[in-house]
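Listed below are the residues making up each chain.
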Amino acid sequence: MVGASDNVRGFLLAISSSIFIGSSFIIKKKGLKKAGASGTRASDGGYSYLGEPMWWAGMIAMVLGEALNFSAYAYAPALLVTPLGALSIIFSAVLAHFILKEKLHVFGIVGCVLCLVGSITIVLHAPFEKDIESVKQVWHLATEPGFIVYSLIVLALVACLIFFCVPRYGQTHMVVYIGICSFMGSLTVMAVKAVAIALKLTLSGSNQFVYFQTWFFTILVVVFCVIQLIYLNKALDIFNAAVVSPVYYVMFTILTIVASMIMFKEWDSQNATQIITELCGFVTIVSGTFLLHKTLDMESSSTMPSPPYHSSPRLPEP
């Protein structure tokens, strides 16, 4: 069955992506720390990390991971690929425990297990990818009233966060940076999926780069990714590396699923039982990520006396 075969390809690509992305968080965190010790920190508007080899090593790992993730969207629906990002959280939390010495409590391990169980549940009940024969079909879906309204709301909220909230609350409220990255991320995934489908069709013999829609989606991917990378760097520099990722994952995944439902209507082909099971799997993942987040938050509070601890999650940065 072609749909099932494509889902398996997407699943394997998403797993590989999580391994690279999860390790990149830790490598880049160490690079940011080294760069901040000798120059202006990223959170203060500095770019000294660009001269730090370790940061670039983390960047390469993330690019490889994102490339694999990009490929996964060409074969499987966002409802399958996006929730599997929880595996990168597990990988990065374990590495943070051993490399960055950010302790992982036993309840954090339980959180990791919940993430795995939820991911497996979603994988087993995910919808099959729709048969799309041209990027023009994706363009038609993206220009329907429902998705246009969603996009305008997202852009308005991002503008509000950047110009109003960042100057006032960016240094103390992690959700400001994570909100920017999550909202932009939901639109990025839709554009990435369009470009990935265009590449897959082009490689199979049907050139999609003769259509302006393909180039339009490509430009959106580049612009949206740059915005996310800037604010992800700021978030990771300020907040605990083991906490940013779980919260970012939850916000990003929820918004991406909403965007995907509106644009690709992936639940139209499923019955109520399948949808409810997928939602249960996602709630299980959310429970695991927040348990992991709370555990690390408590651990940090007990080891950091006076300075106020920013109970914030960690985002994937550039």
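Residues numbered from 1 in each chain as written. Predicted model: local features only at pLDDT ≥ 70, side-chain atom pairs only at ≥ 80, totals over all residues. Heavy atoms only, no water.

The protein carries the name Probable magnesium transporter in an unreviewed UniProt entry, which gives Salvia divinorum as its organism. What the UniProt record of the protein gives under Function (unreviewed entry) is the line "Acts as a Mg(2+) transporter. Can also transport other divalent cations such as Fe(2+), Sr(2+), Ba(2+), Mn(2+) and Co(2+) but to a much less extent than Mg(2+)." If you open the UniProt record of the protein and go to Sequence similarities (unreviewed entry), you find "Belongs to the NIPA (TC 2.A.7) family." (UniProt positions renumbered as here; feature names shortened; annotations may be inferred.)

> Help me understand the confidence of the model for the protein, please; the structure alone is not making it clear to me.
Reading fine detail from the predicted coordinates is not recommended where pLDDT is low. Here the protein shows a mean pLDDT of 83. Residues at 70 or above account for 89%. Across the protein, the element-wise mean pLDDT spans from 76 in helix 11 (residues 272–303) up to 94 in helix 7 (residues 145–169). Contacts from residues 304–318, a stretch scored under 50 in pLDDT, to residues over four places away or in other chains number 71 contacts. (pLDDT = per-residue confidence, 0-100. Helix = DSSP H or I, 4+ residues; strand = E, 2+ residues; numbered from the N terminus. Contact = heavy atoms within 4.5 Å.)

> Help me understand the packing of aromatic side chains, please; the structure alone is not making it clear to me.
Pairs of aromatic rings are described using the distance from one ring centre to the other and the angle between the two planes. Counting across every chain of the model gives nine aromatic pairs. Ring plane angle 85° and centroid distance 5.5 Å describe the contact between tryptophan 139 and phenylalanine 216, whose orientation is recorded as edge-to-face. With a gap of 77 residues between them, tryptophan 139 in helix 6 (residues 135–142) and phenylalanine 216 in helix 9 (residues 212–238) connect regions that are remote in the sequence. On the basis of an interplanar angle of 70° and a centroid distance of 5.9 Å, the ring pair of tryptophan 139 and phenylalanine 217 is categorised as edge-to-face. One end of the pair, tryptophan 139, is in helix 6; the other, phenylalanine 217, is in helix 9, and 78 residues separate them in sequence. In this structure an aromatic cluster arises from ring pairing among Trp139, Phe212, Phe216 and Phe217. (Phe/Tyr/Trp six-rings, centres within 6.5 Å; stacked < 30°, edge-to-face > 60°.)

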